[in-house]
Amino acid sequence: MLFAVSRPRAYSLMRPLRSAIKSSISLYHESAVRHCQTVKSGNFEDVHIGNKIISRYVKSGELNLAHDVFDGMSHKDVVSWNAMIAGYVNFGYFGVCFQLLSSMRRCGFGVDGYTFASVLKGIACLEEVDAGEQLHSLIIKMGYHTNVFTGSALLGMYAKCRRIDEACLIFARLTERNSVSWNSLIAGFVEESDTGTSFQLFCGMEDEGLKIDDGTIAPLLTLLDDAEFYKVTMQLHGKIVKHGLTSNNTVCNALISSYSECGSLKDATRVFNEAVCIHDLVSLNSMLAAYLEHQEIILAFKLFVDMQVRGFEPDISTYTSLVSGCFKETHHYLGKCMHGMVMKRGVESSTAVSNSLIAMYLKSSGNSMENALLLFGSLEWKDSVSWNSVLTGLSQSGSSEDALKFFAHMRSLGIVIDHYSFCAALRSCSDLATLQLGQQVHALVIKVGWQQNEHVTSSFIFMYSKCGLLEDAQISFEDAPKDSSITWNSIIFAYAHHGEGKVALALFNQMTETMVKVDHITFVAVLTACSHNGLVDEGRYFLECMESEYGIPLRMEHYACGIDLFGRAGLLDEAKALIQSMPFEHDATLLLTLLGACRYCGDVEFANQVASLLFELEPQKHCTYVILSDMYGRLKRWDEKSRLTRLMREGGVKKVPGWSWVEVEHEVHGFIAQDFSHKSCRKIYNVLGILMEHIRRFNCDSDLVASLSEFGHLD
């Protein structure tokens, strides 16, 4: 043996998907037969035959056998070395590849363009740009920088290492460009999310008459992930048909995902059905994800059953997707079924699957929090997603104090704190109105260097706004990056909730003038500003022109904002007309908003109709009972109010008490209605009584006095 290298164990080499196993086994048998015939005939000394056997073993994934043949060859050439190096790179064993390269040069063999191309591919996968630059120097020294294979590989290495300027320079200096060169540069700009340049390069590639393949189309499709790109996706679909790529798996899978993300489940389904002959596990998972993205949970489960009937074994991606889609209360039973199947098939030990189960339980009600924490505790290996899932779940479920304790626990264990952790902690500070603690988290963010992350700065804005410090929220906005909608949406929401509707709309105009792309959340913020500040004409305008002028189709939340807008303004007929114009079925949230509009307008008869629908959809939710009871009380319809109270009691529906927090001298005090647990409650109620007397003296609204009287005095 000329040299010793660390070689992977045989059992770890069989990594191809099951769909490729049959062809690999067939190729392996052919290689073994050819190998035996060569040994028997005494032609093993022929380097060309030896190279063919090595190549066959490499293609079948039998790298150990290929290496045995390689070691047994008394005569080797550059092709022998290149075959082994390429094999190890293609199967992800980059360390062995680099050792082979060193041994190749020590043994006096000259490297060529194919050698460099394989090694550069390995460097690109590892994103070791320093090693790439060293190899680049060697390539120039040996005069291979003009070689089309080496140049394309070098370009691809820089592009994958996010060094797009260097990739462009190499591309410009190539005397000859092939499809690989163009595809590598396109992929580089796709990685930078530069849609314009990516498609310009695609057009240039077509103009030069080069072959368009899956390596060209698939990366471009990943950029088309919003409704505004639907027409572009259709045009690219036409190119796919033109270039005969409709039966290419990679292209079809990317096209399914693109249509789905552009909002067209119909087109995604059509592409999937037309490609039935070439379905693989990736195709099925792509369609599964499309169904789940469009809330078609039943269709997703039908596909899940069908794929197993057809002989496809679900993988980790399949399970995580399905579990993640079962977060709604109506589908929670399906999530539990999936949990049982996961346990039965022995994949619960997968951190990714357990993380999705934890997230699913945390988004549900009942005793799901306990289930999530049990799962978290049973995980042998917890990654950052595991910790952040629990932290975020605690924060979003209203357990803000527990969330902050959990955040402190993470820090005490030395768990890496990232932007997801900070966002959850800041949200909890916002919900508790703990300004001092929020400022401490802010200081920690600066200390670890996350202050320029747009999600974290958005959380700063939200936290300071909720704590009543609109000026500090504005300062956080001014210090934040403003090239995306995230921070803009937060500051518009902040001014909207503080009664500064005109300022919120001025910020929206500034956002559009600076060419920041608006999204559906932007219009929720804008419509909230109109609703909370009585800007009916402005709100009506945005509802009418959202799609035509800004390319944002109305979603359920926009209709809810519109109903709230008209309801607060006493325009119940317009609210009814808006809900009738919806192109989809209303949900419970929208009906609850409509019920609120009935309360503003005093239309108790229509409120009864809306409430009856809500009782069917969400019989255990207390909000419907509370709003309707409030309306009966205002109209002095005491019998109906009593009947409603009895229904709540018989149905086991309990009103969730609202909490208020006050921070005094670094201590947070929590209060609920008719609460006597505070150590200073006697003094508090005495002061409350004095305030009520003052209100009576000023002849305040009798409804307010009546509501305050419900607190009572401490005897």
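Conventions used here
- Residues numbered from 1 in each chain as written.
- Predicted model: local features only at pLDDT ≥ 70, side-chain atom pairs only at ≥ 80, totals over all residues.
- Heavy atoms only, no water.
- Helix = DSSP H or I, 4+ residues; strand = E, 2+ residues; numbered from the N terminus.
- Buried < 20%, exposed > 50% of the residue type's maximum accessible area, 1.4 Å probe, protein only.
- Contact = heavy atoms within 4.5 Å.
- Areas by Shrake-Rupley, 256 points an atom, 1.4 Å probe, with all protein chains shown as cover.
- Salt bridge = Lys/Arg side-chain N within 4 Å of Asp/Glu carboxyl O.
- Core = buried A, V, L, I, M, F, W, Y, C linked by side-chain atoms within 4.5 Å.
- Phe/Tyr/Trp six-rings, centres within 6.5 Å; stacked < 30°, edge-to-face > 60°.
- Lys NZ or Arg CZ within 6 Å of the ring centre and 35° of its normal.
- pLDDT = per-residue confidence, 0-100.
- 1 Å grid on protein atoms, 1.4 Å probe; cavity = no way out; pocket = protein on both sides within 12 Å on 5 of 7 lines; lining within 4 Å.
- Points joined across faces, edges and corners; volume = space filled by probe spheres on them.
- Nonpolar A, V, L, I, M, F, W, Y, C, P; charged D, E, K, R; others polar.
- Axes fitted to C-alpha atoms, helices over the stretch in contact; angles between N-to-C directions.
- Parallel < 35°, antiparallel > 145°, perpendicular 65-115°, else oblique.
- Expected span 1.5 Å × (residues − 1).
- Arc of directions from axis to C-beta.

A. Summary view of the overall build of the protein chain. On a plain count of helices and strands, the protein chain comes out with 39 helices and two strands. Within the protein chain, the fraction of its 715 residues that count as buried is 45%. Restricting the contact set of the protein chain to residue pairs at least 6 apart, pairs at least 24 apart contribute 60%. Total accessible area on the protein chain stands at roughly 36,700 Å², and carbon and sulfur atoms take up 54% of it.

B. Up close: the pattern of salt bridges. Applying the stated criterion across every chain yields a total of 19 salt bridges. Linking Arg177 and Glu208 is a salt bridge whose minimum nitrogen-to-oxygen distance equals 4.0 Å. Placement of the pair is Arg177 in the loop between α9 (164–173) and α10 (179–191) and Glu208 in the loop between α11 (195–207) and α12 (214–223), with a sequence separation of 31 residues. Overall, Arg177 belongs to the partly exposed group, its relative accessible area being 28%.

C. Spatial organisation of the nonpolar core. Ile54, Ile217, Met287, Ile491 and Ile492 are the most contacted members of the largest nonpolar core, which totals 197 residues. With sequence-adjacent residues up to four places away left out, Met287 is seen in contact with Ile256, Leu265, Ala268, Thr269, Phe272 and Leu303.

D. Broad picture of the packing of aromatic side chains. Tallied over the entire structure, the rule returns 21 aromatic pairs. A ring pair is formed by Phe477 and Trp488, whose centres lie 5.0 Å apart and whose planes are at 75 degrees; its orientation type is edge-to-face. Highlighted residues: Phe477 in helix α27 (residues 470–479) and Trp488 in helix α28 (residues 485–497), separated in sequence by eleven residues. A relative accessible area of 2% means that Trp488 is categorised as buried. Taken together, the ring pairs in this structure connect Phe508, Phe523, Tyr541, Phe542 and Tyr550 into an aromatic cluster. Over the aromatic face of Phe376 sits the side chain of Lys382, whose NZ or CZ is 5.1 Å from the ring centroid.

E. Just the confidence of the model for the protein chain, in detail. Looking at the protein chain as a whole, the pLDDT averages 84, with 90% of positions reaching at least 70. Confidence drops under a pLDDT of 50 for residues 1–25, and excluding neighbours within four residues, the segment shows 39 contacts in the predicted structure. Considering only residues more than four positions removed or in separate chains, one finds that residues 700–715, a stretch of pLDDT under 50, has 21 contacts.

F. Quick peek at the layout of surface pockets. Looking at the second largest pocket, its volume works out to about 1,600 Å³. A class-by-class count of the residues in the lining of the second largest pocket yields 15 nonpolar, 21 polar and five charged.

G. Seen up close, the packing of helix α34 (residues 588–601) against helix α36 (residues 622–634). Contact pair α34 / α36: the axes reach a minimum separation of 10 Å and the direction vectors enclose 10 degrees. Relative to α36, the element α34 is oriented roughly parallel. Here Leu592, Leu595, Cys598 and Arg599 of α34 lie close against α36, whose contacting residues are Cys623, Thr624, Ile627, Asp630, Met631 and Arg634. Of the residues contributing to the contact of α34 with α36, the split by class is six nonpolar, one polar and three charged.

H. Here's a closer look at helix α19 (residues 332–344). The terminal C-alpha atoms of α19 lie 19 Å apart, and with 13 residues this matches the ideal 18 Å at 1.5 Å per residue to within 8%. Every buried residue belonging to α19 is among His332, Leu334, Gly335, Met338, His339 and Val342, and all of these are buried. Down the axis of α19, the sector holding all buried residues measures 150 degrees, keeping them to one side. Of the exposed residues in α19, the ones pointing more than 90 degrees away from its buried face are Cys337 and Lys344. Next to the buried residues of α19 lie α17 (297–309), α18 (316–324), α20 (351–362) and α21 (368–378). One or two positions beyond α19, positive phi appears at Gly346, with a value near 75 degrees.

I. Geometry of the environment of Leu628. Looking at the secondary structure, you find Leu628 in helix α36. Take Leu628: its relative accessible area is 2%, and that puts it in the buried class. When near neighbours in sequence (up to four residues on either side) are disregarded, Leu628 contacts Ala607, Asn608, Ala611, Phe615 and Leu644.

J. Seen up close, the side chain of Thr457. Within the element layout of this structure, Thr457 appears in helix α26 (residues 454–466). Thr457 gets classed as buried once you look at its relative accessible area, which sits at 2%. Those residues in contact with Thr457 that sit more than four places away from it in its chain are Gln451, Ala480, Pro481 and Thr487.

K. Expanded view of unusual backbone geometry. One non-glycine residue, Glu127, lies in the positive phi region at around 55 degrees. Look at Glu127 and you get exposed, because its relative accessible area is 52%. One non-glycine residue, Gln295, adopts positive backbone phi at about 60 degrees. Mapped onto the fold, Gln295 is located in the loop between α16 (281–293) and α17. A relative accessible area of 43% places Gln295 in the partly exposed class.

L. View of the side chain of His339. With respect to the helices and strands, the residue His339 is situated in helix α19. Its relative accessible area of 12% is what places His339 among the buried residues.

M. Quick peek at the packing of helix α32 (residues 556–568) against α34. Here α32 crosses α34 at 5 degrees, and the two axes come no closer than 8 Å. In this view, α32 runs roughly parallel relative to α34, as classed from their interaxial angle. Contacts from Met556, Tyr559, Ala560, Ile563, Asp564, Gly567 and Arg568 of α32 reach α34 at Leu590, Thr593, Leu594, Ala597, Tyr600 and Cys601. Its residues placed into classes, the contact of α32 with α34 shows nine nonpolar, two polar and two charged.

N. Summary view of the environment of Glu401. Here Glu401 is to be found in helix α23 (residues 400–412). Judged by relative accessible area, which is 46%, Glu401 ranks as partly exposed. Non-local contacts of Glu401, meaning those with residues more than four positions away in its chain, are made with Leu432 and Trp661.

O. View of the environment of Ile164. Looking at where Ile164 falls in the secondary structure, it is placed in helix α9. The spatial distance from the C-alpha of Ile164 to the C-alpha of Phe189 is 7.2 Å, given a sequence separation of 25 residues. Residues in contact with Ile164, not counting those within four places in the same chain, are Tyr158, Leu185, Gly188, Phe189 and Glu192.

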